Amino acid sequence: MNLIVAVDRNWAIGKDNRLMHHIPADMKYFREMTKGGVVVMGRKTLESFPQGQPLKNRVNIVISRRKDYKVKGAVVVHSVEEAVETAVEESKKCGGGIFVIGGESIYRAMLGYCDTAYVTKIDHAFDADTYFPDLDADAEWEMTKISEEQTCFDLEYYFTVYERVR
Ligand SMILES: NC(=O)c1ccc[n+]([C@@H]2O[C@H](COP(=O)([O-])OP(=O)(O)OC[C@H]3O[C@@H](n4cnc5c(N)ncnc54)[C@H](OP(=O)(O)O)[C@@H]3O)[C@@H](O)[C@H]2O)c1
């Protein structure tokens, strides 16, 4: 399984249930990478999307402990294990990859199931309240690719790929 995330220089990912930045090229990268596949997210991340709607052209799997939680256009599951099982089944059906897309609690709970992390690194320190684990400090992960420096509204950022090495 894969994960995809945008982090700042402190591995921050969000504030007040929103992204901290708006980088159109990163949104496009996210859409292109995940299109036709299966995306797995926490209930709060779903609710951070415009009108709280699932993403089009992808199978959306939403994790919530609430047994009565229902979302039109998404499969709701109630544990990480159920999310993994359902994602594997749905990926076989649609033929696309599986991407864990956040937020913090789901990245932390599902990192151990992932082998490849697509990490957009923004060279800035935002005010934040949610974080991704620091993969540079984790001996199980190594950065294997980094793009040229990109810029957007004075923000410098890079598209990187990390892979599990042990
Ligand atoms: N920078 C990025 O790339 C990126 C990507 C995605 C999200 N984000 C940001 O991340 C932040 C949200 O992260 P978050 O950690 O607060 O929320 P989250 O992980 O999106 O969702 C948390 C919710 O998921 C459910 N959940 C979590 N673990 C569970 C488990 N083991 N079993 C069943 N349900 C479980 C619970 O839902 P219930 O309360 O319904 O039980 C929990 O309240 C936002 O700021 C968002 O913008 C950033």
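See the structure above.
Residues numbered from 1 in each chain as written. Predicted model: local features only at pLDDT ≥ 70, side-chain atom pairs only at ≥ 80, totals over all residues. Heavy atoms only, no water.

> So, a negative patch on the surface: which residues are in play, and what are the values?
A contiguous patch of negative charge on the surface is contributed by Glu81, Glu82, Glu85 and Glu89. Glu81 sits in the partly exposed class, given a relative accessible area of 48%. (Patch = residues over 30% accessible without salt bridge, like charges linked within 9 Å, V, L, I, M, F, W, Y side chains within 5 Å. Areas by Shrake-Rupley, 256 points an atom, 1.4 Å probe, with all protein chains shown as cover. Salt bridge = Lys/Arg side-chain N within 4 Å of Asp/Glu carboxyl O. Lys, Arg positive; Asp, Glu negative; His and termini not counted. Charge placed at Lys NZ, Arg CZ, Asp CG, Glu CD. Buried < 20%, exposed > 50% of the residue type's maximum accessible area, 1.4 Å probe, protein only.)

> If you had to explain the pairing of strand β3 (residues 38–42) to someone new, which residues and values would you point to?
Counting buried positions along β3 gives 5 out of 5 residues, so the element sits mostly inside the fold. Residues of β3 alternate between two faces, with Val38, Val40 and Gly42 on one and Val39 and Met41 on the opposite face, all of them buried. Bridging between β3 and strand β4 (residues 59–63) involves 5 bridges; their strand directions are parallel. Directly across from Met41, in β4, lies its bridge partner Val62. You can see the chain leave β3, run along helix α2 (residues 43–48) and come back into β4, and the turn it takes is right-handed. (Helix = DSSP H or I, 4+ residues; strand = E, 2+ residues; numbered from the N terminus. Pairing = 2+ DSSP bridges. Right-handed = clockwise from strand over helix to strand, strands pointing away.)

> Outline the site of the ligand, supporting the account with residue identities and numerical values.
In the neighbourhood of the ligand, 27 residues make up the surrounding shell, with Arg43, Thr45, Ser64, Arg65 and Ser105 lying closest. A distance of 3.4 Å separates an oxygen atom of the ligand from a polar atom in the backbone of Leu19. Within the contact set of the ligand, an oxygen atom lies 3.0 Å away from a backbone nitrogen or oxygen of Gly103. Coverage of the ligand by the protein amounts to 86% of the 930 Å² it exposes when considered alone. (Near = heavy atom within 4 Å. Polar contact = N/O pair within 3.5 Å; in protein donor to acceptor, adjacent residues only side chain to side chain.)

> Run through the layout of surface pockets, naming residues and quoting values.
Within this model, the largest pocket holds a volume of roughly 1300 Å³. Lining the largest pocket are 43 residues; nearest its centre among them are Thr45, Ser48, Phe49, Ile101 and Gly103. Of all elements in the fold, only β1 (2–7), β2 (12–14), α1 (24–34), α2 and α4 (104–110) reach the threshold of two or more residues within the lining of the largest pocket. The class makeup of the residues in the lining of the largest pocket is 18 nonpolar, 14 polar and 11 charged. (1 Å grid on protein atoms, 1.4 Å probe; cavity = no way out; pocket = protein on both sides within 12 Å on 5 of 7 lines; lining within 4 Å. Points joined across faces, edges and corners; volume = space filled by probe spheres on them. Nonpolar A, V, L, I, M, F, W, Y, C, P; charged D, E, K, R; others polar.)

Geometry only, nothing functional implied.
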